[in-house]
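# Breakdown of the fold
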Amino acid sequence: MRAQPTYRGRFGRAQAERLLWRAGFGPRPGEADKLAALGLHAAVRSLTRPGPERLSGPKPHDDEKRPLAPYDAWGHDQLWWLDRMVRTRRPLVERMTFIWHDWFATSNDGVDSQKLMLKQNALLRRHALGSFDGLLVEITRDPAMLLWLSGSDNSRYSPNENYARELMELFTIGHGHGYTEQDVREQARALTGFRNDWKENVGPVNFRYDPKYHDPGTKRIFGQRGSFTWRDSCRLCLQHPAHKTFFVTKLWSYFVPAAPPKSTRLALERLYVRGGYAVRPVVEAILKHPLLYTGPRMVKSPVLYTVGLLRAVGRGIDTEAWTWLGALAGQQLFYPPNVAGWDDDRWLDTATFRARWMIVAEALNPYRLEKNLPATERDPATLLTRARALLGDPPLTDGTATALRGFSDKALRDADASWKRTQYPTLVANALRQLLAISPDYQTC
């Protein structure tokens, strides 16, 4: 049996920084160096097996400097989660929560309850690196999911196929991989029995499983016959021959933007099944794989991009602007566009790129230079070095560094009057920060 490939190259600051972007939300100042000092295996272990959560940094507030009200105020649920991403000391746990939110995409547009969405969010966090089996069972009976995909409208008297279809197509097996329309109908029967009540001025309450509403008859699913229940429905999906390939390939795609080699996929599938559907061992193997460090770069999603900027400059959630800026950029937490989640191929297009420019401007606004720089700090090299330092000295390709330096040189050469020589360096310094943060190197990881 071939062993899972492991990265054997240098594990320095650049590799640690990529790991922190892929398995978290980017480094805080100094974090990449500390992680690099641990070496690959200890670095990955520190992410996959962290201690208790300890949020670090200023507490979040709204534009009026009041504490957030995530259950009640529009957009505050999004700010609450962005704050956890910014201040977390367990970045991979929070990143996996984000991944599961996309995997089991549930939108408050259909749930209409920030409280239930936050309850689901806590569920995803509890199971972040645990058992996919346990996560699937819990998400199937989660109130937000029951509302989103009509699970509590699915009874023996009026079967609803919404959840049954997505359970197989998007969550466990994949479209066209060994299930039929008959399986969809039979799965819907197995999933019957969930109900909830409606309370005036409160909304949906008392979510429960009621055996009287379950279809107890014999079902035929994937060629097997039995009086299957909703738990059997989950079990049968995990035992389906296509599930292990679907799971490994989809999970891999969140960390590496190229399909895994066949040998890698097979090794990960064996690891997953042998571990009883445990997520952590598979994630650890992916984070140690050579392609994570030597493969192509990934475009940062709007949430990842925004949170990474705030972590780099040390800024907390202190404005409600992040709600509408996230929407403009194409990614609003708790509002995925549909049950398939977000489309990672559409992060950089003409409709959303302008929002990224605005995100940078908002993130860097408190750090904008207002006073003229001292004469000793006005040369192009120093201006670029200081701009990079503000963002944690991110690695730049030669092309980006040359372009930024060229912009600085040309702008300062145009300072042909005394007042320009005094004021232009400050203007150029602010522009360099904006251009660096919007550069292709910083948009990707």
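Helix and strand counts for the chain come out as 23 helices and four strands. Seen through its C-alpha atoms, the chain measures out along the principal axes to roughly 90 × 60 × 40 Å. Across the chain, contacts joining residues at least 24 apart in sequence account for 74% of those joining residues at least 6 apart. Accessible area of the chain: about 19,800 Å², with a carbon and sulfur share of 52%.

Tallying each qualifying case throughout the model produces 27 salt bridges. Two residues, D318 and R315, come together in a salt bridge whose shortest N-O distance is 2.9 Å. Its salt-bridge partner being R388, residue D393 comes within 3.3 Å of it at the nearest N-O pair. Of the residues examined, R388 reaches a relative accessible area of 21% and is grouped as partly exposed. In the salt-bridge network here, residues are joined through shared partners; they are E53, R84, E94 and R125.

Right, let's get into the packing of aromatic side chains. Summed over the entire model, instances satisfying the criterion amount to 26 aromatic pairs. Centre to centre, the rings of W103 and F246 are 6.1 Å apart; their planes meet at 90°, and the pair counts as edge-to-face. With W103 in helix α5 (residues 91–103) and F246 in helix α13 (residues 243–253), this residue pair connects regions lying 143 residues apart in the sequence. Its relative accessible area of 14% is what places F246 among the buried residues. Where W419 meets Y424, the ring centres are 6.2 Å apart and the plane angle is 90°; that geometry is what we call edge-to-face. Of the residues examined, Y424 reaches a relative accessible area of 21% and is grouped as partly exposed. Here the aromatic cluster, defined as three or more aromatic residues joined through ring pairs, consists of W100, W103, F104, F132, Y163, F171, F246, F247, Y254, Y272 and Y277. Here the basic side chain of R95 rests over the ring of F25, its NZ or CZ set 5.9 Å away from the ring centre.

Moving on, we come to the pairing of strand β2 (residues 203–209). The pairing of strand β1 (residues 194–199) with β2 spans five bridges and is antiparallel. Bridged to F194 within β2 is Y209.

Below, the discussion takes up the nonpolar core. Core analysis: the largest hydrophobic core is formed by 132 residues, its most contacted members being L19, M96, W100, W103, F104, F132 and F255. Per-element tally for this core: the top contributor is helix α17 (residues 302–313), with eight residues. Every residue in contact with W103, bar those within four places of it in the chain, is listed here: F132, L170, F171, F246, F247, K250, L251 and Y254.

Trans peptide bonds make up the majority, and among non-glycine residues the majority have a negative phi. The residue N206 is not glycine, and still its phi comes out positive at about 55°. Checked against the element boundaries, N206 lands in strand β2. Positioned with a positive phi, Y277 is a non-glycine residue whose angle comes to about 70°. With respect to the helices and strands, the residue Y277 is situated in the loop between α14 (262–274) and α15 (280–287).

This part takes up the side chain of K219. As for its placement among the helices and strands, K219 is situated in strand β3 (residues 219–221). Despite being buried, K219 has no salt bridge partner; D215 is the closest side chain of opposite charge, sitting 4.5 Å away. Polar side-chain contacts of K219 include one of 2.4 Å to the backbone oxygen of D215. Sequence-distant contacts of K219, that is, excluding residues within four places in its chain, are made with E186, R189, A190, H214, Q224, R225, G226, S227 and F228.

Another aspect to go through is helix α11 (residues 181–190). Since there are 3.6 residues in each turn of an α-helix, residues three or four apart along the chain are aligned in direction. Within α11, seven of the ten residues are buried, leaving the element largely enclosed by the surrounding structure. Along its buried surface, α11 packs onto α10 (162–172), β3 and α12 (230–239).

On to the environment of T218. Tracing the backbone through its elements, the reader meets T218 in the loop between β2 and β3. For T218, a relative accessible area of 45% puts it in the partly exposed group. With 49 residues separating them in the primary sequence, T218 and E169 have C-alpha atoms 23 Å apart. What T218 contacts, discounting residues up to four positions off in sequence, is E186, R189, R225, G226 and S227.

The subject of this paragraph is the packing of α5 against α13. Between α5 and α13, whose axes approach to 12 Å, the crossing angle comes to 120°. One element, α5, and the other, α13, form an angle in the oblique class. The two elements α5 and α13 meet at a crossing, and its hand is right-handed. Between α5, through M96, W100 and W103, and α13, the contact on the second element is made entirely by F246, F247, K250 and L251. Here the contact of α5 with α13 is composed, by residue class, of six nonpolar, no polar and one charged.

Time to look at the packing of helix α8 (residues 132–140) against α12. Across the interface, α8 lies against α12 with an axial gap of 10 Å and an inter-helix angle of 140°. Relative to α12, the element α8 is oriented oblique. The crossing of α8 and α12 is right-handed. Contacts between α8 and α12 involve F132, D133, L136, V137 and T140 from the former and W230, R231, C234 and L238 from the latter. Among the residues making up the contact of α8 with α12, the classes are represented as six nonpolar, one polar and two charged.

Our next topic: the side chain of H289. Among the structural elements, H289 can be located in the loop between α15 and α16 (290–294). Within the structure, H289 has its side chain in polar contact with the side chain of T264 (distance 2.9 Å).

Rules behind the numbers
Residues numbered from 1 in each chain as written. Predicted model: local features only at pLDDT ≥ 70, side-chain atom pairs only at ≥ 80, totals over all residues. Heavy atoms only, no water. Helix = DSSP H or I, 4+ residues; strand = E, 2+ residues; numbered from the N terminus. Contact = heavy atoms within 4.5 Å. Areas by Shrake-Rupley, 256 points an atom, 1.4 Å probe, with all protein chains shown as cover. Salt bridge = Lys/Arg side-chain N within 4 Å of Asp/Glu carboxyl O. Buried < 20%, exposed > 50% of the residue type's maximum accessible area, 1.4 Å probe, protein only. Phe/Tyr/Trp six-rings, centres within 6.5 Å; stacked < 30°, edge-to-face > 60°. Lys NZ or Arg CZ within 6 Å of the ring centre and 35° of its normal. Pairing = 2+ DSSP bridges. Core = buried A, V, L, I, M, F, W, Y, C linked by side-chain atoms within 4.5 Å. Lys, Arg positive; Asp, Glu negative; His and termini not counted. Polar contact = N/O pair within 3.5 Å; in protein donor to acceptor, adjacent residues only side chain to side chain. Axes fitted to C-alpha atoms, helices over the stretch in contact; angles between N-to-C directions. Parallel < 35°, antiparallel > 145°, perpendicular 65-115°, else oblique. Left-handed = near helix turned anticlockwise from the far one by under 90°. Nonpolar A, V, L, I, M, F, W, Y, C, P; charged D, E, K, R; others polar.

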